[in-house]
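So the chains spell out like this:
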Amino acid sequence: MFGLLETGSGFWSAIIWVIVVLIIGSIVVYVRNKGEDSYKKDTEQVKPFISGHPEESKEGSHLSASHIYWGFTEALKGYYKPLIEMHTGNINDFSSWIITVTVIVLIIIGVS
Amino acid sequence: MGGLAHSMKYTTIFFIVGAAAIAGLPPFNGFASKLLIYESVYKFNPLLSIIAMVVSILTLASFVKVFHSAFLGPKLPQFKDVQEVPRSMVFSMAILSCIIIVFGLFPDLIVKNLVHPAVMALVEQVKYTGTVLGGM
């Protein structure tokens, strides 16, 4: 079949993947277009509700990308903080890290 | 930065294609490459394969962050004069994006015509040397 990549253990076909995504996407769009009976346009229910606080301006409420990861960085703080401290901006430190990690990977390869 | 997607629509689309390819999302070319690497490395050492997958996930996370902070969000006042890049740059990005998509949809073309001959050249070194130096 055209576009079929034999990987040794199985196969990968991006075309089949695209077809499957299109089918699932069509079902999602169909369900979405059926709509919600209780939805009433231009009423109080469509206005944003931020726990009773007034809505900020669009420019003032732009979420930084770092907010997306807040949960991860908060939960992994103990692991994350030392990593930030390691990012000294010194090229010698970065080179040392590359060499260290390469040595560890080579040891893993050598051992196995 | 933020909100550049409002004024740089083409750049935004081509950025998504490039970022998805680097992160190894299907159906772009990076996925086929990474799949072959994961499988072959897994047979050699499953731990290395897991490390590769984690790195791939972190790559995706970093590009989501870059995309969100640069392109998404409302149009910011300090970037109100920002315009789309020149047509020559849009054209260049379009060509690269098309290559990414074609290579992603038909990875077998690349494996059969480029990767496999290169592997065979490595395996059959004498034949390869003979072919290269045949005329000497």
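As the structure is a computational prediction, the values presented were derived from the model and not from experiment.

**Q** Looking at this structure, I do not really get the overall build of chain A. What am I missing?
**A** Secondary structure assignment for chain A yields five helices and two strands. The order of α-helices and β-strands along chain A, N terminus first, is β-β-α-α-α-α-α. For 112 residues, the compact-globule formula gives about 13 Å, and the C-alpha radius of gyration of chain A, at 25 Å, lies well above that figure. Taken over the C-alpha atoms alone, chain A extends approximately 65 × 50 × 25 Å along its principal axes. Evaluated residue by residue, chain A yields a buried proportion of 8% over its 112 residues. Charge-centre separation for chain A: the mean point of 8 positive side chains lies 8 Å from the mean point of 11 negative side chains.

**Q** Before we go on, may I ask you to explain the packing of aromatic side chains in this structure?
**A** We describe a pair of aromatic rings using the distance from one ring centre to the other and the angle between the two ring planes. A complete count under the given rule lists four aromatic pairs over all chains for this structure. Three or more aromatic residues joined by ring pairs make a cluster, and in this case those are Phe15, Phe67 and Phe71 of chain B.

**Q** Help me understand the packing of helix α2 (residues 29-44) of chain B against helix α3 (residues 46-71) of chain B in this model?
**A** Two measures define how a pair of helices packs: the angle their axes make with one another and the distance between the axes. Residue and element names in this part refer to chain B. Their axes nearest at 6 Å, the elements α2 and α3 cross at an angle of 150°. As the angle between them shows, α2 and α3 are arranged roughly antiparallel. Contacts from Lys34, Tyr38, Val41, Tyr42 and Phe44 in α2 reach Pro46, Leu48, Ser49, Ala52, Met53 and Ser56 in α3. Tallied by class, the residues present in the contact of α2 with α3 amount to eight nonpolar, two polar and one charged.

**Q** Is there a simple way to explain the domain arrangement of chain A in this structure?
**A** Accessible area lost upon the coming together of the parts serves often as the stated size of an interface. Examined at the domain level, chain A breaks down into domain 1 (1-36) and domain 2 (75-112). The gap between the C-alpha centroids of domain 1 of chain A and domain 2 of chain A is 38 Å.

**Q** Can you walk me through the interface of chain B and chain A in this structure?
**A** Contact residues are listed per partner, giving 33 residues for chain B and 28 residues for chain A. Roughly 2400 Å² of surface becomes buried between chain B and chain A when both sides are summed, with 74% attributable to carbon and sulfur atoms. In this assembly, chain B and chain A are joined by zero salt bridges. For the pair chain B and chain A, the interface holds two residue pairs in polar contact (both at pLDDT 80 or more). Those elements that place two or more of their residues in the side of chain B that touches chain A are α2, α3, α4 (87-105) and α5 (107-123) of chain B.

**Q** So what exactly am I meant to see when it comes to the pattern of salt bridges here?
**A** Proximity of charged atoms lets side chains of opposite charge pair with each other. Residues and elements named next belong to chain A. Scanning all chains against the criterion turns up two salt bridges over all chains. A salt bridge links Glu44 to Lys47; the shortest N-O distance between them is 3.3 Å. Each of the two residues, Glu44 as well as Lys47, counts as exposed. Where Glu74 meets Lys77, a salt bridge forms, and the shortest distance between an N and an O atom there is 3.2 Å.

**Q** Could you clarify how one ought to interpret the environment of Ile101 of chain B in this entry?
**A** All names here are of chain B. Assignment of secondary structure puts Ile101 in helix α4. By relative accessible area, Ile101 is classed as partly exposed at 34%. Taking the C-alpha atoms as reference, Ile101 lies 6.6 Å from Asn29; in sequence the two are 72 residues apart. Setting aside anything within four residues of it in sequence, one finds Ile101 in contact with Val17 and Phe28.

**Q** How do you make sense of the packing of helix α1 (residues 9-23) of chain B against α4 of chain B when you look at a structure like this?
**A** Residue and element names in this part refer to chain B. Between α1 and α4, the shortest axis-to-axis distance is 10 Å and the interhelical angle comes to 35°. Crossing angle aside, the handedness with which α1 passes α4 is left-handed. Contacts between α1 and α4 involve Tyr10, Thr11, Phe14, Val17, Gly18 and Ala21 from the first element and Val90, Met93, Ala94, Ser97, Ile100 and Ile101 from the second. For the contact of α1 with α4, the per-class residue count stands at nine nonpolar, three polar and no charged.

Definitions and cut-offs
- Residues numbered from 1 in each chain as written.
- Chains lettered and ligands numbered in written order.
- Predicted model: local features only at pLDDT ≥ 70, side-chain atom pairs only at ≥ 80, totals over all residues.
- Heavy atoms only, no water.
- Helix = DSSP H or I, 4+ residues; strand = E, 2+ residues; numbered from the N terminus.
- Rg over C-alpha atoms; globule rule 2.2 N^0.38 Å.
- Buried < 20%, exposed > 50% of the residue type's maximum accessible area, 1.4 Å probe, protein only.
- Lys, Arg positive; Asp, Glu negative; His and termini not counted.
- Charge placed at Lys NZ, Arg CZ, Asp CG, Glu CD.
- Phe/Tyr/Trp six-rings, centres within 6.5 Å; stacked < 30°, edge-to-face > 60°.
- Axes fitted to C-alpha atoms, helices over the stretch in contact; angles between N-to-C directions.
- Parallel < 35°, antiparallel > 145°, perpendicular 65-115°, else oblique.
- Contact = heavy atoms within 4.5 Å.
- Nonpolar A, V, L, I, M, F, W, Y, C, P; charged D, E, K, R; others polar.
- Domains from an automatic or database assignment.
- Buried area = accessible area lost by both parts, 1.4 Å probe.
- Salt bridge = Lys/Arg side-chain N within 4 Å of Asp/Glu carboxyl O.
- Polar contact = N/O pair within 3.5 Å; in protein donor to acceptor, adjacent residues only side chain to side chain.
- Left-handed = near helix turned anticlockwise from the far one by under 90°.

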